[in-house]
Structure formats: C-alpha cells, structure tokens
Amino acid sequence: MSTTFQLDTATSRANPTPAPMKRLTVPAIQRRKKDGVTAEPLVMLTAYTARQAQLLDPHCDLLLVGDSLGQVIYGLPSTLPVTLDMMIAHGAAVVRGSYHSVVIVDMPFGSYEASPQAAFASASRIMAETGAAGVKLEGGQAMAETIAFLTQRGIPVMAHIGLTPQAVNALGGYAARGRSEAEHAKIVADGEAVAQAGAFAVVIEGVIEPIAIALTEALAIPTIGIGASAKCDGQVLVTEDMLGMFERVPRFVKRYADIAGMIDDTAAKYAEEVRARSFPGAEQTYQPK
Ligand code: KIV
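- The name an unreviewed UniProt entry gives the chain is 3-methyl-2-oxobutanoate hydroxymethyltransferase, with Novosphingobium chloroacetimidivorans as the organism.
- What UniProt records for the chain under Subunit (unreviewed entry) is the sentence "Homodecamer; pentamer of dimers."
- Per UniProt, the comment on the chain under Sequence similarities (unreviewed entry) is "Belongs to the PanB family."

**Considerations on the overall build of the chain**
Here's step 1: The number of helices and strands found in the chain is eleven helices and ten strands.
Here's step 2: Compactness check: the chain gives a C-alpha radius of gyration of 21 Å against a globular reference of 19 Å for 289 residues, within 12% of the reference.
Here's step 3: Classification of the 289 residues of the chain by burial places 49% in the buried group.
Here's step 4: Contacts in the chain between residues far apart in sequence, at least 24 positions, make up 57% of those at least 6 positions apart.
Here's step 5: Accessible area for the chain stands at about 14,700 Å²; split by element, carbon and sulfur atoms hold 57% of it.
Here's step 6: Averaged over its 24 positive side-chain charges, the chain has a centre that lies 4 Å from the centre of its 29 negative ones.

**Description of the packing of aromatic side chains**
Here's step 1: Scanning the model with the defined rule gives two aromatic pairs in all.
Here's step 2: Measuring from ring centre to ring centre gives 6.5 Å for phenylalanine 120 and phenylalanine 149, while their planes differ by 80°; the resulting arrangement is edge-to-face. With phenylalanine 120 in helix H5 (residues 116–130) and phenylalanine 149 in helix H6 (residues 144–151), this pair connects stretches of sequence that are 29 residues apart.
Here's step 3: Given the relative accessible area of 28%, phenylalanine 120 is considered partly exposed.
Here's step 4: Relative accessible area serves as the criterion here: at 17%, phenylalanine 149 is assigned to the buried category.
Here's step 5: In this structure, arginine 153 is placed above the aromatic ring of phenylalanine 149, and the distance from its NZ or CZ to the ring centre is 3.5 Å.

**Considering the pairing of strand E9 (residues 223–226)**
Here's step 1: Both faces of E9 are covered, namely the face carrying Thr223 and Gly225 and the face carrying Ile224 and Ile226.
Here's step 2: With four bridges joining them, strand E8 (residues 201–205) and E9 adopt parallel strand pairing. By the bridge assignment for E9, valine 202 is matched with threonine 223.
Here's step 3: Read from E8 through helix H9 (residues 209–218) to E9, the crossover connection turns out right-handed.
Here's step 4: The pairing of E9 with strand E10 (residues 234–237) spans two bridges and is parallel. Counterpart to isoleucine 224 in the pairing with E10 is glycine 234.

**What to know about H9**
The α-helix advances 3.6 residues per turn, and as a result positions three or four apart in sequence lie on the same side.
Here's step 1: For H9, the complete set of buried residues consists of Ile211, Ala212, Ile213, Leu215 and Thr216.
Here's step 2: If you follow the buried residues of H9, they end up packed against strand E1 (33–34), strand E7 (157–162), helix H8 (181–197), E8 and E9.

Conventions adopted
Residues numbered from 1 in each chain as written. Predicted model: local features only at pLDDT ≥ 70, side-chain atom pairs only at ≥ 80, totals over all residues. Heavy atoms only, no water. UniProt positions renumbered as here; feature names shortened; annotations may be inferred. Helix = DSSP H or I, 4+ residues; strand = E, 2+ residues; numbered from the N terminus. Rg over C-alpha atoms; globule rule 2.2 N^0.38 Å. Buried < 20%, exposed > 50% of the residue type's maximum accessible area, 1.4 Å probe, protein only. Contact = heavy atoms within 4.5 Å. Areas by Shrake-Rupley, 256 points an atom, 1.4 Å probe, with all protein chains shown as cover. Lys, Arg positive; Asp, Glu negative; His and termini not counted. Charge placed at Lys NZ, Arg CZ, Asp CG, Glu CD. Phe/Tyr/Trp six-rings, centres within 6.5 Å; stacked < 30°, edge-to-face > 60°. Lys NZ or Arg CZ within 6 Å of the ring centre and 35° of its normal. Pairing = 2+ DSSP bridges. Right-handed = clockwise from strand over helix to strand, strands pointing away.

Rendered as structure tokens:
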C-alpha cells in the first residue's frame, strides 16, 4: 500500500513533507540484487514515530519499526515484553510519516512462534492496521514453515538470523555468534532455509564477518547486516544508536552525532533562562493590540 498522508498542519506540529513520490516496493528492493550483486547497498534505519520517519525517509530505502522500541522508547530491559499493539501503534505512525521507504514492522515475541496460523493472525493485523509493506520475524530453520505460510498468503517477510535478541535467554546474552564450527554451520543453514522459504530479505545480526560474506554471496535475496559486514547487500542500525542518544555503544555501532550531548546542552540553556526569567522574552509573549 502506498500512502501519502496529508496532516492538518494548522493544528499539528507533525509538518509532513507530502511530496508526491512513489513508495518503493518489496519487489523493487529484491530487484536491487541482480545476479548475486547489489550495486547500490540498501539503506535501512529503525523508526518508531511519525516525525522520525519524516526525517529519515528521504535517505532510506527501508524503515524498520523494530521491536528495539521496547528498550529505546519504553525503557524496557529487553524486547521480550513488547506487544503486538505497541508494534501496530508505532508501525502506523511510521507509515503516516513516510512516503518513500518500504516500511517493515517487527513481529514481537510471542506473536508468531506457536504456529504459522498464529503468525498469520498477528501479521495480518500488522498489515491491515499499519499499512506497512511487510513484517520481520526472528529465526531461521525453525521459522521456515511460517515464512512460507505467510509469503504464500501475500505477506512479505524479512527474516532475521544470527544474534536474535528475542532469544536472549536461550543464547545467554548479546555476544556475536558463529565462532564455533557448529554455530557457524547453523547460521549458514538458517540463511539458506529462510531464503528457500520465500523471505524477501534477511537481516544478519552480530555474526563473525566470514558468515555474513558467505551468505551474501550464496543467497539470491538481499542480506542486511548489523554487526555483520560492509559486504552485505545493505545495512541497518538503530537510529538512536547512530545519532548518539545512548552512552553505551556496542562495537558494531558508529555514532554519527552526539544528540544526547546536544539535548543536554540545550535543556541546560533553557533551564538557565527560565531560572533567570530571561525566557520567555518579548518575542515569545503576547501583548494587547
Ligand atoms: O528491533 C530492531 O531494531 C532490529 C534491528 C536491530 C535489526 O531488529
């Protein structure tokens, strides 16, 4: 669904950029990998709100409404408590705020693992209530049947393998994966299984680089790396990590800005002016005519 929303800017600060522009599609994303090569890497960032989507949209091919919103927006300890309703509310906001990128919404923990039918019930709600172009789910071979079930019923699926944060309790933490021979072989098999099942792309997170390179060369579908390799067909980061909103910086994150520092300085300046009664000034106050 290609949706351009015209918000009422007279009563809202949402101020969209309603430039008429055709939204990219899932098949267009897939076609970017031709004969095993993606000449121009795919750019994906997470987005959780309409305004964030507006700002990121012109620069991205895909916007991911990641369940990382659990930690980033809600201050939760992991992605596990994130609900389908939370994903749908944020997914709809991101679709409203974008007009160019393909919007993909994460399926939260517990909403898809039990059966392909359970996954379809959750995914169809996401598609119908957000206007997103597809869903992302974590898991390789174990999710292949579910991926096939969804894709055969018109729901594009982006798979997510390697370090899968919803499995943090089983994995024992967020360390990079694939250092043992068995783990290496399992991740490669996972990638092959999700591609075979019909996933249109696969996120490869937190794996040793040779695995990411081998899968990128072997699979016909685009690989999107995070903590994987620059040789993947595309890259994704959590936007707040990339903007420098958090002190803790995982090895695979590059901080392109220091927005946390900027907010700190700006809030301090505001607080100082309020306490000195120099804000609001004459320009910000109303006088009788
Ligand atoms: O939830 C998320 O933001 C993700 C990305 C880190 C790939 O799954």
